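Spelled out, the chains give:
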Amino acid sequence: MNLYRLLKFASGRKMPRQFKLIGLAAMFRMRRRTAGVFMDPILACNLRCRMCYFSDPEKRSAMKGIISDRDLNQYAAAIFPYALKLQIGCGAEPTLYSGLEKIIALGRKYGVPYISLTTNGQLLASGKCPLEALVKAGLDELTLSLHGTTAETYEYLMSGAKFELFKKLAAEIAHVKKLFPSFRLRVNYTVNSLNIHNLEGSKFWDLWQSGGFPDIVQLRPVQKIGNSAWDDFNPGPLVRHFDTTIGAVVKECHRRGIICISPSREQIETIAEQQESTAALIEDLTYVYVAPDACYKDDFEADKETYAQYHKRKHTVRHLLKNAIHSSASRDKKVSKKLNYSID
């Protein structure tokens with residue numbers, strides 16, 4: 001089962017919850033790949049983006065650590081054989097870590113089907129971390145954070161970044177995509193009251209003059225993440241200008257054959273949603289976070305057991321089957337900070 005099918009399987013609203021849980025139990029039993037691995041090899045960032053907790057001096061000083069070679073090899077052996085996807089970069093900037101090619105190579109060694117890198121891209125553009133070398137090593141996708149389409153907005157919201165370096169990276173991406181046609185670019189644009197108008201007209205599309213258009217565009221309304229410098233979380237401007245901004249980008253993505261992940265006008269107004277307990281359970285079991293100070297669960301012993309052995313020890317299959325036979329009336333709900341999104 002590939003990543004797309006697993007995610008569809010795990011989140012499909014029409015599929016009975018019993019089928020979801022029994023299916024996941026079967027995958028655990030057969031030792032199939034069920035993990036989404038999200039790794040921060042270093043807890044630091046070269047920017048102080050205003051919508052991010054790295055703009056908070058207290059939080060920034062607490063974010064420290066670099067994963068050791070010993071731990072990296074240990075975690076890879078214990079988890080990567082069960083990973084459907086490896087995402088490098090989750091809550092920090094991975095290009096500050098000097099061993100990215102090694103992580104990608106380990107992913108390939110253990111047969112991870114899809115490897116992605118999430119970054120602000122500034123060090124890729126500067127040449128300190130060449131994109132072409134990472135793709136040669138086996139990187140499938142680059143997820144690029146972009147929070148403005150003009151120099152003024154981009155450099156204000158992404159404090160410490162240079163718009164000229166972004167433009168240089170855009171040209172490099174176009175070059176790499178010609179060399180490696182299967183390589184994909186995902187753009188993550190967090191929308192707020194300041195940069196919403198940067199999506200009007202052709203402003204977003206003019207960024208890719210060299211070609212190399214995104215394969216996936218994610219438009220995410222800003223949410224409060226820690227004590228960030230940004231303090232305007234009012235969805236009103238996003239709703240009022242939806243048709244000429246977010247809605248227009250969605251339509252153009254559809255015309256160009258680009259996947260667009262974005263909320264509808266109605267979904268923007270509901271930041272916190274009720275997450276069904278089944279979805280929460282599946283996420284709890286399959287979401288694997290790895291960092292210098294963390295590896296999956298507090299009681300997971302990567303030096304003594306694998307991901308599969310851990311779930312055998314925790315009787316995960318029995319737990320899933322037990323949950324599958326509970327009546328839907330007994331299910332509770334959990335508030336999630338996640339938004340509903342439409343995929344076009």
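Quick notes on the rules
Residues numbered from 1 in each chain as written. Predicted model: local features only at pLDDT ≥ 70, side-chain atom pairs only at ≥ 80, totals over all residues. Heavy atoms only, no water. Helix = DSSP H or I, 4+ residues; strand = E, 2+ residues; numbered from the N terminus. Buried < 20%, exposed > 50% of the residue type's maximum accessible area, 1.4 Å probe, protein only. Contact = heavy atoms within 4.5 Å. Areas by Shrake-Rupley, 256 points an atom, 1.4 Å probe, with all protein chains shown as cover. 1 Å grid on protein atoms, 1.4 Å probe; cavity = no way out; pocket = protein on both sides within 12 Å on 5 of 7 lines; lining within 4 Å. Points joined across faces, edges and corners; volume = space filled by probe spheres on them. Nonpolar A, V, L, I, M, F, W, Y, C, P; charged D, E, K, R; others polar. pLDDT = per-residue confidence, 0-100.

### Section: the overall build of the protein
When you go through the protein residue by residue, the secondary structure sums to 15 helices and twelve strands. Relative to its 344 residues, the protein shows a buried fraction of 51%. In the protein, the proportion of contacts linking residues at least 24 apart, taken out of those at least 6 apart, comes to 78%. Carbon together with sulfur atoms contributes 52% to the accessible area of the protein, which is approximately 16,500 Å² in total.

### Focus on the layout of surface pockets
Over the atoms rolls a probe the size of a water molecule, and in doing so it shows where empty space is left. Roughly 300 Å³ of volume is contained in the second largest pocket. Phe28, Arg29, His311, Lys312 and Val317 are the residues nearest the centre of the second largest pocket, which is lined by 15 residues in total. Broken down by secondary-structure element, the contributors of at least two residues to the lining of the second largest pocket are helix 2 (17-29), helix 14 (307-313) and helix 15 (316-324). In terms of residue count, helix 14 provides more of the lining of the second largest pocket than any other element does, four residues in total. In terms of residue class, the lining of the second largest pocket is built from six nonpolar, four polar and five charged.

### Things to note about the confidence of the model for the protein
A low pLDDT means the predicted coordinates there should not be read in detail. The pLDDT averaged across the protein works out to 89; a share of 89% of its residues lies at or above 70. Long-range and interchain partners of residues 1-13, a stretch whose pLDDT sits below 50, account for 22 contacts in this model, where long-range means more than four residues apart. With pLDDT under 50 throughout, residues 327-332 is counted as low confidence; its partners more than four residues away or in other chains account for six contacts.

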